[in-house]
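Reading the structure
The primary structure of each chain is shown beneath.
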Amino acid sequence: MGAEFVQLSLTPILIGVLASIACALPGNFLLMRRQALIGDAISHVVLPGIVLAFLVSGTIAAVPMLLGAGAAAVIAVALIEAIKRLGRIEAGAAMGVVFTTLFAGGVLMLERTDTSGVHLDVEHALMGSLESLIWLEADGWASLTDPAALAGLPPELGRIAIACLIVVVLTWLFWRPLVLTTFDEGFARTIGLPVAAIGFGLVVAAAVAAVAAFDAVGSIIVIAMFICPPAAARLMTDRFGVQVAWSIAFATLSAIVGYVFAGYGPLWFGLYDAVSAAGMIATVSGVILALACLFAPRRRRLGEGRGSA
Amino acid sequence: MTPLFQALTLQLGYNATLVAIGAMLLGVAAGASGSFMVLRKRALVSDAMAHATLPGVGLAFIVMVALGGDGRNLAGLLAGSAISAGIGLLIVDWMTARTRLGEDAAIGAVLSVFFGFGIVLLTVIQTMSGGRQAGLESFLLGSTAGMLLADALTIAVGGALSVAAVWILRRPMTLVAFDEGYARSLGVNVRLTDLMMMGLVLAVTVIGLKIVGLILIVALLIVPAVTARFWTERSASLIWISGAIGGLSGFAGSAMSAAYADVPTGPVIVLFAAALFVLSLLFAPLRGVVGALIRHRRFQARVHRRQGLLALARSEPIHDPVTLRLLRSEGLIRADGVATEAGQDAAARAVRDEWRWEVARTRHKDTALTGRYDGLTPIESVFTPDEIAGFDRLIAEGQT
């Protein structure tokens with residue numbers, strides 16, 4: 001069990017957990033700012049970004065893909081803002097226009113491009129391939145200290161670890177201004193904080209997390225992790241710091257339980273093939289949110305008693 | 001003849017024609033019903049619904065196969081998708097009403113979780129015998145290639161019924177979308193109307209699954225409505241302009257996709273609608289960017305002209321280059337900045353206008369009239385000649 005676990009399940013679980021945390025952290029702020037759907041928009045526009053990067057660079061190497069996807073995310077956010085202001089259109093509608101159009105453009109480019117030689121298609125972009133990120137060189141827990149085996153780790157693990165670290169450090173560094181601008185924009189402005197820049201920086205950090213996670217696990221997990229763990233955590237507590245801690249716990253739990261269910265769940269039901277791990281992680285996060293909606297201590301709005309529901 | 005021309009003139013075979021007509025009807029229904037969603041500021045709820053169709057499609061397939069039927073029966077799959085989309089919608093409403101989470105969080109949660117669960121079901125189906133050929137992935141992005149005649153007919157009939165429903169329901173839905181309180185005071189059942197609106201959007205989403213796909217159908221609901229908003233301020237025309245834009249996109253997109261290989265239907269329809277949106281954003285006369293820019297420049301010019309003339313009247317030097325250029329080009333000042341005869345006349349008129357306004361504002365406490373003083377509006381356009389003559393008498397008295 002040990003050797004097989006390290007070889008086949010350890011790295012996907014680690015990648016899943018890191019990706020989930022990287023998305024859930026900025027998700028907390030986006031949730032409180034009522035911008036939860038930015039994550040949705042970003043994960044859609046990543047597709048045209050990577051297709052364009054492929055057309056320009058001709059490879060599916062990680063760096064151009066990440067750059068393309070990141071650029072697409074930033075451009076999309078700028079476009080949403082521009083359309084909102086220029087056309088005087090409500091935020092939700094502006095977002096809907098931008099991300100569907102860019103996604104459609106990405107699909108069209110993908111279909112018109114010869115990508116038969118490389119692994120690049122819409123379904124892969126949506127579902128990711130968490131199951132395939134195995135560590136073949138490992139032959140047991142001892143491999144964790146074996147440099148030769150460590151060199152064979154899937155590169156996605158390193159990238160998502162770096163992205164997760166960046167997000168954690170940024171959140172820690174900018175905690176105070178982020179919290180201030182999120183909860184009391186007027187006060188933040190009066191004490192001289194650059195409110196707009198902080199808001200944009202948050203979106204960029206979310207884009208970094210989304211793009212890195214997308215590379216490893218596909219866009220379903222990205223959208224689910226931006227919203228479900230922070231939303232469930234929001235129903236657990238009134239204190240924002242505690243909420244962030246809960247959201248990290250929920251994200252980790254979703255990733256581990258989801259992966260295990262996807263890999264071993266079908267066996268329990270008498271089926272032989274594993275199901276989509278990304279889909280299952282999203283499902284588990286949804287179950288956690290559903291339980292929180294039904295039973296969490298702080299699920300109601302302030303002033304709404306137990307009897308009034 | 002090019003294939004595109006053939007497709008646009010419906011000469012590319014019976015099936016392609018039927019698909020094009022179906023896509024057009026779908027576009028009209030989506031554009032018209034989407035305009036209510038956008039006006040009600042609930043545009044992205046339809047995105048949650050669209051993504052929530054996926055588990056329904058998967059479960060319907062599994063159930064139909066388990067009952068010994070053909071899992072690919074389109075009517076059955078669409079029925080399943082409608083049920084799960086409806087459940088998704090109810091959950092969004094329930095979460096928004098009963099928990100402290102906002103609608104955006106509810107939308108995102110339903111969207112991602114239902115979609116994730118749908119993907120799980122798709123991987124289950126792939127392992128079933130015969131499931132690999134199910135082609136359920138085509139519901140993600142839509143596909144009209146190799147569509148059966150019965151499927152095309154289902155879509156065309158569904159689209160036509162939705163358009164009819166929009167026409168029947170247009171009155172209460174417009175009222176509720178614009179002014180909920182007023183609608184309630186007229187005795188309109190807001191809750192029921194909202195439900196019917198959602199039902200209509202749900203129907204459009206489900207019908208559109210096969211052509212546009214569940215990821216992009218939301219575009220067909222939002223983009224035409226937002227585009228139409230640039231062209232009109234009237235709700236009645238908004239619905240049908242939006243419907244026309246949707247229908248045009250559906251028709252042109254499906255024709256293009258029929259004419260060329262490797263051009264997926266859904267994305268082309270969406271991109272066509274998006275192109276119309278960009279054109280409208282820039283060039284629509286009423287609310288377009290270019291129109292607004294021109295109006296802004298004209299306004300600027302009027303301010304500069306007025307201030308320049310007042311400065312001339314007071315014999316003050318003008319330094320602002322824009323003002324100088326403007327007055328010169330109208331022949332009001334000479335190259336050295338001295339007023340011409342026409343310039344002196346215009347300056348005198350501007351000063352008289354200021355005086356008249358001055359008096360008007362002290363005499364009339366009616367802010368509806370005097371509130372229009374902005375230093376630019378000629379007094380003749382607000383007060384009658386009699387009243388202005390009265391102001392002139394007061395000015396004359398004041399000076400003597």
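Up top is the structure.
Let me begin by describing the structure that accompanies this report. (Residues numbered from 1 in each chain as written. Chains lettered and ligands numbered in written order. Predicted model: local features only at pLDDT ≥ 70, side-chain atom pairs only at ≥ 80, totals over all residues. Heavy atoms only, no water.)

Turning to the overall build of chain B, a few remarks are in order. Looking only at helices and strands, chain B features 17 helices and zero strands. For chain B, the spread of C-alpha atoms along the three principal axes comes to 105 × 55 × 35 Å. Here chain B, with 400 residues, has 52% of them falling under the buried criterion. Across chain B, contacts joining residues at least 24 apart in sequence account for 68% of those joining residues at least 6 apart. Only carbon and sulfur atoms are counted for the fraction: they give 63% of the accessible area of chain B, which is about 17800 Å². Between the averaged position of the 33 positive side-chain charges in chain B and that of its 28 negative side-chain charges there is a distance of 2 Å. (Helix = DSSP H or I, 4+ residues; strand = E, 2+ residues; numbered from the N terminus. Buried < 20%, exposed > 50% of the residue type's maximum accessible area, 1.4 Å probe, protein only. Contact = heavy atoms within 4.5 Å. Areas by Shrake-Rupley, 256 points an atom, 1.4 Å probe, with all protein chains shown as cover. Lys, Arg positive; Asp, Glu negative; His and termini not counted. Charge placed at Lys NZ, Arg CZ, Asp CG, Glu CD.)

Bringing the overall build of chain A into the picture now. Broken down by element type, chain A carries 13 helices and zero strands. Moving toward the C terminus, one meets the helices and strands of chain A in the order α-α-α-α-α-α-α-α-α-α-α-α-α. For 309 residues, the compact-globule estimate of 2.2 N^0.38 gives 19 Å, and chain A sits close to it at 20 Å. Residues classed as buried in chain A amount to 54% of the 309 residues present. For chain A, the exposed area adds up to about 13200 Å²; of that, 69% sits on carbon and sulfur atoms. Averaging the positions of the 16 positive and the 19 negative side-chain charges in chain A gives two centres separated by 21 Å. (Rg over C-alpha atoms; globule rule 2.2 N^0.38 Å.)

On to the packing of helix H10 (residues 217-229) of chain B against helix H11 (residues 235-259) of chain B. Residues and elements named next belong to chain B. It is at 8 Å that the axes of H10 and H11 come closest, and there the two elements cross at 130°. As far as their axial angle goes, H11 and H10 are oblique. In terms of crossing hand, the pair formed by H10 and H11 is right-handed. Side by side, H10 and H11 meet where Pro224, Ala225, Thr227, Ala228 and Arg229 of the first sit next to Leu238, Ile241, Ser242, Ile245 and Gly246 of the second. Looking at the contact of H10 with H11, its residues break down into six nonpolar, three polar and one charged. (Axes fitted to C-alpha atoms, helices over the stretch in contact; angles between N-to-C directions. Parallel < 35°, antiparallel > 145°, perpendicular 65-115°, else oblique. Left-handed = near helix turned anticlockwise from the far one by under 90°. Nonpolar A, V, L, I, M, F, W, Y, C, P; charged D, E, K, R; others polar.)

Further remarks concern helix H13 (residues 289-313) of chain B. Note that an α-helix has 3.6 residues per turn; residues three or four places apart therefore point the same way. With 25 residues, H13(B) should cover 36 Å at 1.5 Å per step; its first-to-last C-alpha distance of 36 Å lies within 8% of that length. Among the residues of H13(B), Val289(B), Gly291(B), Arg306(B), Gly308(B), Leu309(B), Leu310(B), Ala311(B) and Leu312(B) are the ones counted as buried. Tucked into the core, H13(B) has its buried residues touching helix H3 (62-86) of chain A together with helix H12 (265-283), helix H14 (321-329) and helix H15 (341-363) of chain B. Backbone geometry just downstream of H13(B) places Ser315(B) in the positive-phi region, at approximately 55°. (Expected span 1.5 Å × (residues − 1).)

Reported here for the largest pocket is a volume of approximately 910 Å³. Lining the largest pocket are 35 residues, and of these Arg33(A), Arg34(A), Gln35(A), Lys84(A) and Ala91(A) lie nearest its centre. Going through the elements one at a time, helix H2 (37-57), H3, helix H4 (91-112), helix H8 (175-183), helix H9 (185-190) and helix H10 (195-217) of chain A together with helix H5 (103-127) of chain B are the ones with two or more residues in the lining of the largest pocket. In terms of residue count, the dominant contributor to the lining of the largest pocket is H3(A) (six residues). Classifying every residue of the lining of the largest pocket by side-chain character gives 16 nonpolar, six polar and 13 charged. (1 Å grid on protein atoms, 1.4 Å probe; cavity = no way out; pocket = protein on both sides within 12 Å on 5 of 7 lines; lining within 4 Å. Points joined across faces, edges and corners; volume = space filled by probe spheres on them.)

Quick look at the interface of chain B and chain A now. Listed per partner, the contact involves 56 residues of chain B and 59 residues of chain A. Roughly 4800 Å² of surface becomes buried between chain B and chain A when both sides are summed, with 73% attributable to carbon and sulfur atoms. One can count one salt bridge joining chain B with chain A. Of the charged contacts, one joins Asp238(A) and Arg100(B) as a salt bridge, the two residues approaching to 2.5 Å between their closest N and O atoms. At the boundary of chain B with chain A, the tally comes to ten residue pairs in polar contact (both at pLDDT 80 or more). Of all the secondary-structure elements, those providing two or more residues to the side of chain B that touches chain A are helix H3 (45-66), helix H4 (74-98), H5, helix H6 (138-141), H10 and H12 of chain B. Considered class by class, the residues forming the side of chain B that touches chain A number 38 nonpolar, nine polar and nine charged. (Buried area = accessible area lost by both parts, 1.4 Å probe. Salt bridge = Lys/Arg side-chain N within 4 Å of Asp/Glu carboxyl O. Polar contact = N/O pair within 3.5 Å; in protein donor to acceptor, adjacent residues only side chain to side chain.)

Next up on the list: the pattern of salt bridges. For the coordinates displayed, the defined rule picks out 17 salt bridges over all chains. The partner of Glu185(A) in a salt bridge is Arg189(A), and the shortest N-O contact between them spans 2.9 Å. Here the residue Glu185(A) and the residue Arg189(A) both occupy positions in helix H9, the gap between them amounting to four residues, near one helical turn. Notably, a salt bridge pairs Arg184(B) with Glu180(B), separated by 3.2 Å at the nearest N-O pair. Placement of both Arg184(B) and Glu180(B) in helix H8 (residues 180-185) is noted, with a separation of four residues, approximately one turn of the helix. Taking relative accessible area as the criterion, Glu180(B) reaches 31% and is therefore assigned partly exposed. A cluster of three or more residues bridged by salt bridges with shared partners is formed by Arg40(B), Glu180(B), Arg184(B) and Asp194(B).

This paragraph deals with helix H7 (residues 149-178) of chain B. Relative to the 44 Å expected for 30 residues at 1.5 Å per residue, H7(B) spans 40 Å between its end C-alpha atoms, a close match to the ideal helical length. Its axis deflected by about 65° at Arg170(B), H7(B) carries its strongest bend there, up to four residues before the proline Pro172(B). (Bend = angle between axes of the 7 residues up to and from the residue.)

Tallied over the entire structure, the rule returns three cavities of 30 Å³ or more. Reported here for the largest cavity is a volume of approximately 140 Å³. Lining the largest cavity are 16 residues, with Ser43(A), His44(A), Leu126(A), Ser219(A) and Ile223(A) sitting closest to its centre. For the lining of the largest cavity, the secondary structure elements donating two or more residues are H2, helix H5 (122-127) and helix H11 (219-234) of chain A together with H5 of chain B. When its residues are assigned to classes, the lining of the largest cavity shows eleven nonpolar, five polar and no charged.

Residue and element names in this part refer to chain B. In this structure, Ser84 sits in helix H4. By relative accessible area, Ser84 is classed as buried at 8%. Side-chain polar atoms of Ser84 contact the backbone nitrogen of Gly56, separated by 3.1 Å. With near-sequence residues (within four places) excluded, Ser84 lies in contact with Ala52, Thr53, Pro55, Gly56 and Phe114.

Summarising the element assignment, Pro321(B) is placed in helix H14. Given a relative accessible area of 52%, Pro321(B) falls into the exposed group.

Let us look at the packing of H4(A) against H12(B). Helix-helix packing is characterised by the crossing angle of the two axes and by the distance between the axes. For the pair H4(A) and H12(B), the least separation of the axes is 9 Å and the interaxial angle reads 130°. Compared by their axis directions, H4(A) and H12(B) come out oblique. Viewed along their axes, H4(A) and H12(B) form a crossing whose handedness is left-handed. The segment H4(A) lies against H12(B), with Val97(A), Thr100(A), Thr101(A), Ala104(A), Gly105(A), Val107(A) and Leu108(A) engaging Pro267(B), Val268(B), Val270(B), Leu271(B), Ala274(B) and Phe277(B).

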